[in-house]
Amino acid sequence: MEKRLLITGFDPFDGNTANPSWLAVEKLPDRIGDYTLCKLQIPTVFGKSSAFVLEKAEECHPDLILCIGLAAGRDAVTPERIAVNIRDARIPDNEGNQPKGELVVPGGPAAYFATAPVEKMAKAIHEAQIPSAVSNTAGTFVCNDVLYTLLHHFAETSIRAGFIHVPNTPELGNPSLPLAATVDALTAAILACK
């Protein structure tokens, strides 16, 4: 049965000229397994990024939403298990916002578990001979902000949501993973989402 996947990557941030998350999403084919892909670049801005995703979801009616983000310093592709209800930015976002200890959703639960199959995705990436691990924290920057907002918004629906952090490409710094390997990792993760 045909399904729809909304997959997002971020624009460059923190002075970088590119963001491997979007570079990889852009290179994915329009169809993987049972999924037709709907791709979207989102801004590295608190609140605005998740608004972009929710707006696009209204348009393309996805069964699954996977957001991809950069985790400079990681050497593996890491599906995220948990999103927490906190904004605590070490650096400003792309509009200069740098919240400290604010809630993503006032009155919302402390945390949500991702509804995408995190462990299956990590295992599929590993089986594709690409470094992978489950991560238990999406951090407290914009990546977590998006995942928490999506999980909160779609909590009572059949729409699943997840987040995958990817390493830098060699051009942007080390540790790194070649872009082609990141594309292969995302493909394997999507195929694991039955």
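Residues numbered from 1 in each chain as written. Predicted model: local features only at pLDDT ≥ 70, side-chain atom pairs only at ≥ 80, totals over all residues. Heavy atoms only, no water.

Peer 1: What exactly am I supposed to notice about the sheet that holds strand β3 (residues 35-42) here?
Peer 2: What holds strands together in a sheet is hydrogen bonding between their backbones, with the strands either parallel or antiparallel. The strand order across the open sheet formed by 6 strands is β2-β3-β1-β4-β10-β5, and the pairing between neighbours is mixed. Every interior strand has two partners, whereas the edge strands, β2 (31-32) and β5 (78-79), have only one. For strand β1 (residues 3-10) and β3, the ladder comprises 8 bridges, and the chain directions are parallel. Bridge assignment links Gly-9 to a residue of β3, and that residue is Gln-41. Lying on the sheet, helix α2 (residues 48-60) is in contact with β1, β3 and β4 (64-70); it crosses β3 at an angle near 150°. (Pairing = 2+ DSSP bridges. Helix = DSSP H or I, 4+ residues; strand = E, 2+ residues; numbered from the N terminus. Contact = heavy atoms within 4.5 Å. Axes fitted to C-alpha atoms, helices over the stretch in contact; angles between N-to-C directions.)

Peer 1: Please explain the packing of helix α3 (residues 118-127) against helix α5 (residues 179-191) as it appears in this structure.
Peer 2: Two packed helices can be described by the angle between their axes and the distance between those axes. Direction vectors running N to C along α3 and α5 enclose 135°, while the axes themselves pass 8 Å from each other. In terms of axis orientation, α3 runs oblique to α5. Judged by the sense of rotation from one axis to the other, the crossing of α3 with α5 is right-handed. Side by side, α3 and α5 meet where Met-121, Ala-124 and Ile-125 of the first sit next to Ala-185, Ala-188 and Ala-189 of the second. Taken together, the residues that form the contact of α3 with α5 break down as 6 nonpolar, no polar and no charged. (Parallel < 35°, antiparallel > 145°, perpendicular 65-115°, else oblique. Left-handed = near helix turned anticlockwise from the far one by under 90°. Nonpolar A, V, L, I, M, F, W, Y, C, P; charged D, E, K, R; others polar.)

Peer 1: When you look at the packing of aromatic side chains in this model, what are you seeing that I'm missing?
Peer 2: Within a pair of aromatic rings, the relevant descriptors are the distance that separates the centres and the angle that separates the planes. Counted according to the given criterion, the structure contains 4 aromatic pairs. On the basis of an interplanar angle of 90° and a centroid distance of 5.5 Å, the ring pair of Phe-46 and Phe-141 is categorised as edge-to-face. Residue Phe-46 is found in the loop between β3 and α2, and its partner Phe-141 is found in the loop between α3 and α4 (142-153); the two are separated by 95 residues along the sequence. Exposure class is identical for Phe-46 and Phe-141. Each is buried. Seen in terms of ring centroids, Tyr-112 and Tyr-148 are 5.1 Å apart; in terms of plane orientation they differ by 55°. Their pairing is tilted. Linking Tyr-112 in strand β9 (residues 111-113) with Tyr-148 in helix α4, this pair joins segments that are 36 residues apart in sequence. Looking at Tyr-112, the relative accessible area reads 17%, which means it is buried. Each member of the aromatic cluster is reached from another via a ring pair, and the members are Phe-13, Phe-46 and Phe-141. (Phe/Tyr/Trp six-rings, centres within 6.5 Å; stacked < 30°, edge-to-face > 60°. Buried < 20%, exposed > 50% of the residue type's maximum accessible area, 1.4 Å probe, protein only.)

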